[in-house]
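# Fold and geometry: a report
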Amino acid sequence: MKVDDERVLSDDGLENRALSFLADRRRRSRTQGALVWGEGDDGAVAIWDDPDPDVERAELDVARTYRRARFDAGLGWLDGPVEHGGAGLSAASQRRFAALEAQFDTPSQAFFKLDRVLTPILLRYADPEIARQHVRGLFRGDVIGCELFSEPGAGSDLASLTTKAVLDGDTWIVDGQKVWTSDAHYADIGLALCRTESQVSGRKGLTAFLVDMRQPGVEVRPLRQITGGSSFNEVFLTGVRVPDSHRIGARGQGWEVAQETLKIERTAIGVGMGRGGAGVANGERLVALVRSLGLENDPIVRQRLAEVVMAFRAAKHLQHVTSARRRAGDNPTASPLLAKLTLSNNLRLASRFVTDLLGPRLAADTGEWGTFAWNQFVLGEPGMHIMAGTDEVVHNMIGEQVLGLPREPRPQS
Amino acid sequence: MTTTTADYTWPSELAELRDVVAAFRERHAGEAAVRTLAETTTPLDSRTWQIMAEQLGLAGLTVPEELGGAGAGYEFLAVAMEELGKSLLPSPLLATTALAIGTLMRAGDASARERLVPALAAGQITGTLGYTGADGHWDPARKPQVRATRNGDGWRLDGTVHHVLDGASADLVLVVADTDEGSSVFAAEGPLPGLVRSPMATLDGTRSQARLDFHDVPATAVGVLGAAAPTVEAVLTRAAVLLAAEQVGGAQYCLDTAVTYAGTRTQFGRAIGSYQAIKHKCVDMYLEIESARAAVYYAASCLTVNSADAEPAASIAKTLASAAFDRASADSIQIHGGIGFTWEHPAHLYFRRAISTRALFGDPRRHHEVVAASLLDRTTRSDASTSPPESRRVQ
Ligand SMILES: Cc1cc2nc3c(=O)[nH]c(=O)nc-3n(C[C@H](O)[C@H](O)[C@H](O)COP(=O)(O)OP(=O)(O)OC[C@H]3O[C@@H](n4cnc5c(N)ncnc54)[C@H](O)[C@@H]3O)c2cc1C
């Protein structure tokens, strides 16, 4: 096993190009990517982004400007196919670039988190012309996507959803209500799962569509969440017109499209935790917190810190080893499900640890850097056990699809 | 803090070795054979050991080619250990490879290495290392329990070590003893009047431990006098990873039997595996096993390339594997219900193995502390970064 990929970018001069791009536009961060206690944004531990709408708008503009420049410099999608605006390089190059980028103060790209989730879906299921337009946009920052799956009456049992799409000539008319839709308040497109065959119940009657979120009939109402902010929404779809060319996959293939999307999303959630959990997943911030509280010699704190960091490391190794085994032909079903479960377990472990460490400092703000800010982590953590398939449902999927245990009894229909 | 951007590959030879060892296990390491060996505490018969060492080449997997081994990376020995861990065959493999060969390869004594390693690698002799006192803890910083005194050109050993793996049967007994220069490694070979080997009663009958009393026993010094501590530490690191691999195999066996049983046993008109309380238990076992397995292979690859991250990686692997085996062996009993609590059913054998290996080569508390120290105490370890890799991988 090779344990390094430092040289991947340097071979073709890309490293220099990347560095000069970054140096031209962005300040090198004082801390060079490493955490220095008391410096920078201590709120970076928040699990969900939920600033006030005006701040968010302004941040989005900045993030977009950077993203466009990065894409236009050929650095926006290093491991993407050339015909779609990617650079055709390896995943390792992409990781190396991300590491370089982390040394600079670059705007958060959390607005665009579905880029790598929706792209493979569009390339596989969408009309090629539609895919071409949007894939490029997803990486250039022109297009932001969201997932319109869940409904008030259909969460874990997604196949029971009732949002209807009815064909009228070559246009579909969509009516229904979606809920818990992350990022819908600034999204440009939504991948919507709708019932197209009213006679067929369950999975077979579903079809996926790419909905323009800016068109009439789409109404987005932010929901306030546990953390006090709002990053998800209700979405009302009333007589929304979707051209048939925006159908994603065949009629009746919607269940498959949604399952594939969730699969990629789960892996992305598991892998992308370093950023989603805002630097929590490498444990560095927890180590710094322990030091700042002067608890580095407390035997119980040492044991628990080790336990949490071990769990983070194990998650990373699990990801590396399962993907190596997958490349070598081993069982592929498990790894996204394991990634999601590992993440929610690990965040719970970290949340309990932080809660115990901070005690009263978490209950009320003393003004001390890096303490009360953890409330956004601790309060956000329960959501991770619900989104993209609840822990219970993911357990069922692993039990049945991976271990081959007997299925739960289903209601007779 | 070390972060890795490992680009793993999973060589196809790993899968091939796994298949070969699995075939051996099915043929020679069935439950009946294991029970017979465990209940009589006789060592593995020499023919079966010859198959393991000679035909499968397991004893010499990580030994360099010039010393008669395969020169393979630790991942390979880990795969073999993992596969063997699914059965509980009592064998000299762990003590011989992890302890005896491990010590000789790390002790920096070319002549001892050339004299002893080829015979160990070929399985002609078996070996072990004695270190701990009655409490069973391996603390490389502690003063050894045996005293060595000069006797002309050689040395004489006096004292007692406990919990010596295969201590009653190993041909070569390495032991750490105290000298005026500090703790040092010694080798005791051949017929040894003065060495009394007493098998200890063990909770896990498939893994023998012995108390060794040295009364004026002749021995040769291995490596530089006073330099045993870093050697023991390096050996422990390697032994922890290999044992963790074995634990993963044991846990996997428990999961496999639990899943099979849960799929066939019905109660209240349904297979018990369709109840979430049972299904979710199996999935949690599975998640822990997969995590531990990944940590083992990462740690093994760190050992192969002699990475500075090897020590915490080994501790992570050992802790997670102990936890996974602990849970899997207990939950397997639970899922089997009353039948799982009988002597006839093999579940208790794995439960015993899990309990006893949890404490071997460092319990979770010790390994947590190793990881905590790597995070909180800024120390630099010289041996990891300067010494060359001791094995190369099979290509
Ligand atoms: C932060 C966040 C972001 C989200 N973002 C999106 C998004 O962008 N787009 C989108 O479409 N959806 C999104 N969701 C919705 C999410 O996918 C659903 O909330 C989730 O699938 C659960 O559905 P539900 O909320 O209806 O709960 P329910 O399905 O009603 O479940 C309630 C409880 O019952 C349990 N339960 C249900 N069925 C079973 C079973 N068979 N066995 C055992 N237990 C069961 C569940 O595990 C849960 O504990 C988001 C949710 C959250 C919290």
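What you see is a predicted model; the values in this text were computed from it and never measured.

Turning to the overall build of chain B, a few remarks are in order. Within chain B one finds twelve helices and nine strands. Here chain B has a C-alpha radius of gyration of 21 Å; the compact-globule value for 395 residues is 21 Å, and the two agree. Taken along the three principal axes of its C-alpha coordinates, chain B extends 80 × 50 × 40 Å. Going through the 395 residues of chain B one by one, you find that 60% of them count as buried. Summarising the internal contacts of chain B: among those between residues at least 6 apart in sequence, 76% fall at separations of at least 24. Of the roughly 15000 Å² that chain B leaves accessible, carbon and sulfur atoms contribute 53%. Looking at charge distribution, chain B has the averaged site of its 34 positive side-chain charges lying 4 Å from that of its 45 negative ones.

Scanning chain A from N- to C-terminus turns up 13 helices and eight strands. Taken over C-alpha atoms, the radius of gyration comes to 22 Å for chain A, in line with the 22 Å a tight globule of 413 residues would show. Considering only C-alpha atoms, chain A reaches an extent of 70 × 50 × 50 Å along its principal axes. Within the span of chain A, comprising 413 residues, buried residues form 51% of the whole. The long-range fraction of contacts in chain A, counting pairs at least 24 apart against all pairs at least 6 apart in sequence, stands at 74%.

Turning our eyes to something else, we now look at the confidence of the model for chain A. In this model, chain A carries a mean pLDDT of 89, and residues with pLDDT of at least 70 account for 93%. Throughout residues 1-8 of chain A the model reports pLDDT below 50, and contacts reaching past four residues in sequence, or to other chains, amount to 26 contacts.

Residues and elements named next belong to chain B. Bridge count between strand β3 (residues 154-165) and strand β7 (residues 209-222): nine bridges; the pairing is antiparallel. Bridge pairing links W155 to A219 in β7. Bridge count for strand β5 (residues 182-188) against β7 is three bridges, and the pairing is antiparallel. Bridging from a neighbouring strand, V185 pairs with V222 of β7. Of the pairings in the sheet, the one linking strand β6 (residues 195-199) to β7 comprises five bridges and is antiparallel in character. Looking at β7, one finds that V196 is bridged to D213.

Residue and element names in this part refer to chain B. Averaged over all residues, the pLDDT of chain B equals 91, while 94% of them reach at least 70. Contacts from residues 1-6, a stretch scored under 50 in pLDDT, to residues over four places away or in other chains number 21 contacts. When the criterion is pLDDT under 50, residues 380-395 qualifies, and its contacts beyond four places in sequence or with other chains add up to 44 contacts. With pTM at 0.88, the complex prediction returns an ipTM value of 0.83.

Let's shift gears to helix α2 (residues 53-72) of chain A. Residues and elements named next belong to chain A. Taking 1.5 Å as the rise per residue, α2 with 20 residues should run 28 Å; its terminal C-alpha atoms sit 28 Å apart, in good agreement. For α2, the full list of buried residues reads E56, L60, A63, R64, Y66, R67, A69, R70 and F71. Where α2 is buried, its residues contact α1 (14-25), α3 (91-101), α4 (115-125) and α5 (128-140). For α2, the N-terminal capping position is held by D52, with its side-chain oxygen 3.0 Å away from the main-chain nitrogen of D54. Of the residues flanking the end of α2, it is G74, one or two places downstream, whose phi is positive at about 80°.

Turning our eyes to something else, we now look at the interface of chain B and chain A. Taken together, the contact pairs 53 residues of chain B with 51 residues of chain A. Remark: the boundary between chain B and chain A carries three salt bridges. The residue K279 of chain B makes a salt bridge to E400 of chain A at a minimum N-O spacing of 2.5 Å. The interface formed by chain B and chain A holds eleven residue pairs in polar contact (both at pLDDT 80 or more) in total. Where the side of chain B that touches chain A is concerned, the elements lending two or more residues are α7 (228-264), β9 (270-271), α8 (276-304), α9 (310-336) and α11 (364-376) of chain B. In terms of residue count, α8 of chain B provides more of the side of chain B that touches chain A than any other element does, 16 residues in total.

As for its placement among the helices and strands, R64 of chain A is situated in helix α2. Those residues in contact with R64 of chain A, other than ones at most four positions away along the chain, are F112, R140, G141, D142, V143, I144 and D188 of chain A.

Looking now at the packing of α1 of chain A against α2 of chain A. Two quantities define a packed helix pair, namely the angle between the helix axes and the distance between the axes. Residue and element names in this part refer to chain A. One way to put it is that α1 packs onto α2 with a least axis distance of 11 Å and a crossing angle of 150°. The angle between α1 and α2 falls in the class roughly antiparallel. The handedness of the crossing between α1 and α2 is right-handed. Between α1 and α2, the contacting residues are F21, L22 and R25 on the first element and Y66, A69 and R70 on the second. A class-by-class count of the residues in the contact of α1 with α2 yields four nonpolar, no polar and two charged.

Residue and element names in this part refer to chain A. The phi dihedral of D183 is positive, around 70°, even though this residue is not glycine. Structurally, D183 can be placed in the loop between β3 (171-182) and β4 (189-195). Backbone geometry places A388, a non-glycine residue, at a positive phi of 55°. When you line up the elements, A388 lands in the loop between α12 (375-384) and α13 (391-402).

Turning our eyes to something else, we now look at the site of the ligand. In the vicinity of the ligand lie 19 residues, with S150, S156, W180 and T390 of chain A together with Q276 of chain B positioned nearest. Site remark: the ligand is flanked by residues from chains A and B. Between the ligand and S182 of chain A there is a distance of 2.8 Å, counted from a nitrogen atom to a side-chain nitrogen or oxygen. Isolated, the ligand exposes 950 Å² of accessible area, and the fraction of that covered by the protein chains is 68%. For the shell around the ligand, the secondary-structure elements that each account for two or more residues are β3 and α13 of chain A. Examining the composition of the shell around the ligand, we find that three residues originate from one element, β3 of chain A, more than from any other.

Attention now goes to the packing of aromatic side chains. Residues and elements named next belong to chain A. One pass over the full model with this rule turns up 13 aromatic pairs over all chains. Taken together, a centroid distance of 6.0 Å and an interplanar angle of 45° make the contact between F21 and Y66 tilted. Residue F21 is located in helix α1, and its partner Y66 is located in helix α2; the two are separated by 45 residues in the primary sequence. Assigned by exposure class, F21 and Y66 land together as buried. Ring geometry for W37 versus W369: centroids 4.9 Å apart, planes at 80°, classification edge-to-face. One end of the pair, W37, is in the loop between α1 and α2; the other, W369, is in the loop between α11 (360-363) and α12, and 332 residues separate them in sequence. Taken together, the aromatic side chains of F111, F112 and Y186 make up a single cluster linked through ring pairs. Across the ring face of F236, the terminal group of R221 is positioned such that the distance to the ring centre comes to 4.1 Å.

Scanning the model with the defined rule gives zero disulfides over all chains in all. Free cysteine: C194 of chain A, not disulfide-bonded; nearest cysteine sulfur from C146 of chain A at 12 Å. Residue C194 of chain A is classed as buried on the basis of its relative accessible area of 0%. Looking at the unpaired C282 of chain B, the closest cysteine sulfur is the one in C254 of chain B, lying at 12 Å. Taking the relative accessible area as the measure of exposure, C282 of chain B reaches 0% and is therefore buried.

Before going further, it helps to examine the side chain of T48 of chain B. All names here are of chain B. You can see T48 is positioned in helix α3 (residues 46-55). Side chain to side chain, T48 and D45 meet in a polar contact 2.7 Å long. Other than its neighbours up to four places away in sequence, T48 contacts F24 and H28.

This next bit is on the UniProt feature "domain: Acyl-CoA dehydrogenase/oxidase C-terminal" (unreviewed entry) in chain B. UniProt's feature table lists "domain: Acyl-CoA dehydrogenase/oxidase C-terminal" (unreviewed entry) at residues 234-375 of chain B, given in the numbering used throughout. Secondary structure across residues 234-375 of chain B comprises 79% helix and 3% strand; the distance between its end C-alpha atoms is 19 Å.

Cut-off values and rules
Residues numbered from 1 in each chain as written. Chains lettered and ligands numbered in written order. Predicted model: local features only at pLDDT ≥ 70, side-chain atom pairs only at ≥ 80, totals over all residues. Heavy atoms only, no water. Helix = DSSP H or I, 4+ residues; strand = E, 2+ residues; numbered from the N terminus. Rg over C-alpha atoms; globule rule 2.2 N^0.38 Å. Buried < 20%, exposed > 50% of the residue type's maximum accessible area, 1.4 Å probe, protein only. Contact = heavy atoms within 4.5 Å. Areas by Shrake-Rupley, 256 points an atom, 1.4 Å probe, with all protein chains shown as cover. Lys, Arg positive; Asp, Glu negative; His and termini not counted. Charge placed at Lys NZ, Arg CZ, Asp CG, Glu CD. pLDDT = per-residue confidence, 0-100. Pairing = 2+ DSSP bridges. Expected span 1.5 Å × (residues − 1). Polar contact = N/O pair within 3.5 Å; in protein donor to acceptor, adjacent residues only side chain to side chain. Salt bridge = Lys/Arg side-chain N within 4 Å of Asp/Glu carboxyl O. Axes fitted to C-alpha atoms, helices over the stretch in contact; angles between N-to-C directions. Parallel < 35°, antiparallel > 145°, perpendicular 65-115°, else oblique. Left-handed = near helix turned anticlockwise from the far one by under 90°. Nonpolar A, V, L, I, M, F, W, Y, C, P; charged D, E, K, R; others polar. Near = heavy atom within 4 Å. Phe/Tyr/Trp six-rings, centres within 6.5 Å; stacked < 30°, edge-to-face > 60°. Lys NZ or Arg CZ within 6 Å of the ring centre and 35° of its normal. Disulfide = S-S within 2.5 Å. UniProt positions renumbered as here; feature names shortened; annotations may be inferred.

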